[in-house]
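Here is how the chains run, residue by residue.
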Amino acid sequence: MITLITDFGIKGPYAGEMKGAILAINPEAELIDITHSITRHSILEGSFVMEQVVKYFPKGTIHVGVVDPGVGTPRRAIIIEGDHFLVVPDNGLATLAMKHVRPEAAYEINLKKMEGIIGRKISPTFHGRDVFGPSAALLDLGYEPSRLGREIDLEKIVTLNLEPKKKMDSWTLKVLYVDEFGNVVLNLEEYGSIKYVEIEGHRIPYANTYGEVKEGELLALKGSHEYLEIAVNQGSAAEVLGIKVGDEVNVRLI
């Protein structure tokens, strides 16, 4: 099956065009729309969503990610092969998912070859439809990725720097994601036993779940994605704290 993660939105024809291009090559493809509502151009948010999807889909799934502000520039279009396939622009989008797919090889998609396969010129502004979608369709048909382009060095794939920064008794952490409930996901997975978290001038209790504090109160917890999460019971932590994806925050764990 092929999963689709993009920032195309649902108003225009873009997601439909990409799916049409896939089905024109492989009419039996099973397409799974994860989301087309990644915040525009947010490679970080797209990377987080792709990571979560990879963890729960069966091995062999082909994951297409198109959050591509550098489309048409010299940035590479790549396939990463491991327990799953990642078909993405080489801009850091695969960073978090690569922790889970056990990558064995990577390939740069040859645009000239792809033009020959799809039978038309590739648009310099729509590689989702003309490059990434068709590449996924061919992989799903059993094509070896080496037929689509040359092998490249896994170590030279672009990655985002998402290592938490420890300094004295505090951490500098990055906001990976803000969900529809306003819960704030931070890039810290391992931190031991704690009772309180200090963040943005707030000292808040550490809990197991949202309902352990009163409605409207802040809390911290290990969220369902295994990262440190800041939330408000039936409210929005992002609004209360005034933070968004990509922001850095100072955090003390007590």
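See above for the structure.
The notes below deal with the structure included here. (Residues numbered from 1 in each chain as written. Predicted model: local features only at pLDDT ≥ 70, side-chain atom pairs only at ≥ 80, totals over all residues. Heavy atoms only, no water.)

Re the pattern of salt bridges
One pass over the full model with this rule turns up 17 salt bridges. Across the salt bridge formed by R252 and D169, the nearest N and O atoms sit 3.2 Å from each other. Of this pair, R252 sits in strand β15 (residues 248–253) while D169 sits in the loop between β8 (165–167) and β9 (170–178); the two residues are 83 residues apart in sequence, bridging distant segments of the chain. The exposure class of R252 is partly exposed, given its relative accessible area of 31%. A salt bridge links R203 to E198, with the nearest nitrogen and oxygen atoms 3.5 Å apart. Taken together, the shared-partner salt bridges in this structure form one network comprising E17, R120, R129 and D130. (Salt bridge = Lys/Arg side-chain N within 4 Å of Asp/Glu carboxyl O. Helix = DSSP H or I, 4+ residues; strand = E, 2+ residues; numbered from the N terminus. Buried < 20%, exposed > 50% of the residue type's maximum accessible area, 1.4 Å probe, protein only.)

Notes on the environment of P58
Mapped onto the elements, P58 comes out in the loop between α2 (43–56) and β3 (62–66). On the basis of relative accessibility, which here comes to 43%, the residue P58 falls in the partly exposed class. Each C-alpha atom, one on P58 and one on H84, is 8.1 Å from the other, the two residues being 26 residues apart in sequence. Excluding residues within four positions of it along the chain, P58 makes contact with M1 and H84. (Contact = heavy atoms within 4.5 Å.)

A word on the nonpolar core
Counting residues in each nonpolar core, the largest one holds 28 residues, and the members touching the most others are F48, V49, M50, I80, L86 and L176. Breaking this core down by element, the ones donating at least two residues are α2, β4 (77–81), β5 (85–89), α3 (98–101) and β9. Top element by residues in this core is α2. It accounts for seven residues. Residue contacts for M50: discarding those within four places in its chain leaves I5, H63, V64, G65, L86, V88, L93 and A97. Ranked by size, the runner-up nonpolar core spans 26 residues in total, among them F8, A15, V66 and I109. (Core = buried A, V, L, I, M, F, W, Y, C linked by side-chain atoms within 4.5 Å.)

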